[in-house]
Structures are given as structure tokens and as C-alpha cells.
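Residue-level listing of the chains:
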Amino acid sequence: MNITCVTKIEDLPSAAEWNRLAGGSPFRSWEWLGSWWETYGSDYQMAVLLIYSSEAAAASEDELLAIAPFYLERSKARGQVISFFGDGKVCSDYVGVL
């Protein structure tokens, strides 16, 4: 297994790959969470974990197995906090690892 931490939106997987792992949940879709990041993300540091299979037979790239869409928030009162995209702002249900 390979785990990569992505800190820039342009390094995220495609919307199709993201949505494949979202399991049909609209609040986990790229359309919802990507819009959430564009709206609220400027105050935070992206820290999305991408988990890849290292056993993809005869493939040029490893298979994307999971996405953990985290962001980091820093404050004087609470220190550094890690949260899921969609958490704490607007009404996002079912936030978690895809």
C-alpha cells in the first residue's frame, strides 16, 4: 500500500475517480466536496490522503483504494485540528473516508 498526502487541489484524483469511491453519497461526491473546498478552503491547509494499492498487476499505476479528505485548521485557542472536508460548515452528512 502507498499513501500520499496531497496539499494542492490540482494534485487530487479526477472527479470520476473521486466519485467512484464516494459510493453514491451526494455529500461525499467531488461536486459537493470540491465546491465546499472552493468556498471554505482558503482559510485552511489541505491534507488529503490518497491510499493506493501497490499490488496492481500489469498496470502502469497503482489502483486508488481510498481517499481521506482532511484539512488542517490552526487556531490559538485549539491548536492544530484535523477535520474532514465538509465538517463544521454547512450541513454535510456522512463525511468520512471514501
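Residues numbered from 1 in each chain as written. Predicted model: local features only at pLDDT ≥ 70, side-chain atom pairs only at ≥ 80, totals over all residues. Heavy atoms only, no water.

**Some details on the overall build of the chain**
Thinking step 1. Within the chain one finds two helices and four strands.
Thinking step 2. Counted from the first residue to the last, the chain has its helices and strands arranged as β-α-α-β-β-β.
Thinking step 3. A buried classification covers 37% of the 98 residues belonging to the chain.
Thinking step 4. Contacts spanning at least 24 positions in sequence make up 55% of the contacts within the chain whose residues lie at least 6 apart.
Thinking step 5. Within the structure as shown, the chain displays about 6000 Å² of accessible surface, and the carbon and sulfur contribution to it stands at 51%. (Helix = DSSP H or I, 4+ residues; strand = E, 2+ residues; numbered from the N terminus. Buried < 20%, exposed > 50% of the residue type's maximum accessible area, 1.4 Å probe, protein only. Contact = heavy atoms within 4.5 Å. Areas by Shrake-Rupley, 256 points an atom, 1.4 Å probe, with all protein chains shown as cover.)

**Looking at the pairing of strand S3 (residues 64–75)**
Thinking step 1. In this sheet, S3 lies alongside strand S2 (residues 45–52) in antiparallel orientation, the contact comprising eight bridges. Opposite Gln 45, over in S3, you have Leu 72 as the bridge partner.
Thinking step 2. Pairing of S3 with strand S4 (residues 79–84) involves six bridges; the strand directions are antiparallel. Paired with Ser 75 across the strands is Gly 79, a residue of S4.
Thinking step 3. Taking the residues that link successive antiparallel strands as the turn, the S3-S4 hairpin has three residues. (Pairing = 2+ DSSP bridges.)

**Things to note about helix H2 (residues 30–40)**
Thinking step 1. Every buried residue of H2 is accounted for by Trp 30, Leu 33, Gly 34, Trp 36 and Trp 37. Burial along H2 is one-sided: seen end-on, the buried residues are contained in an arc of 155 degrees. Along H2, exposed side chains directed more than 90 degrees from the buried face belong to Glu 38 and Thr 39.
Thinking step 2. Packing partners of the buried residues in H2 comprise helix H1 (15–22), S2 and S3. (Arc of directions from axis to C-beta.)

**What to know about the packing of aromatic side chains**
Thinking step 1. What the rule picks out here adds up to eight aromatic pairs.
Thinking step 2. Taking the centre distance of 5.0 Å and the plane angle of 65 degrees together, the rings of Trp 18 and Trp 30 count as edge-to-face. Pair noted here: Trp 18 is in helix H1 and Trp 30 is in helix H2, with a separation of twelve residues, a long-range link.
Thinking step 3. Between Trp 36 and Trp 37, the aromatic rings sit 6.4 Å apart at their centres with planes inclined by 40 degrees, giving tilted as the arrangement. (Phe/Tyr/Trp six-rings, centres within 6.5 Å; stacked < 30°, edge-to-face > 60°.)

**A few points about the packing of H1 against H2**
Thinking step 1. Close contact between H1 and H2 brings their axes to 9 Å; oriented N to C, the two are set at 115 degrees. Residues Ala 15, Trp 18 and Asn 19 of H1 pack against Trp 30, Glu 31 and Leu 33 of H2.
Thinking step 2. For the contact of H1 with H2, the residue count by class is four nonpolar, one polar and one charged. (Axes fitted to C-alpha atoms, helices over the stretch in contact; angles between N-to-C directions. Nonpolar A, V, L, I, M, F, W, Y, C, P; charged D, E, K, R; others polar.)

**A word on the confidence of the model for the chain**
Atomic detail in the predicted coordinates should be set aside for any region of low pLDDT.
Thinking step 1. Overall, the prediction assigns the chain a mean pLDDT of 83, with 82% of residues at 70 or greater.
Thinking step 2. For the chain, S4 is the element with the lowest average pLDDT, namely 84, and S2 is the one with the highest, namely 93. (pLDDT = per-residue confidence, 0-100.)

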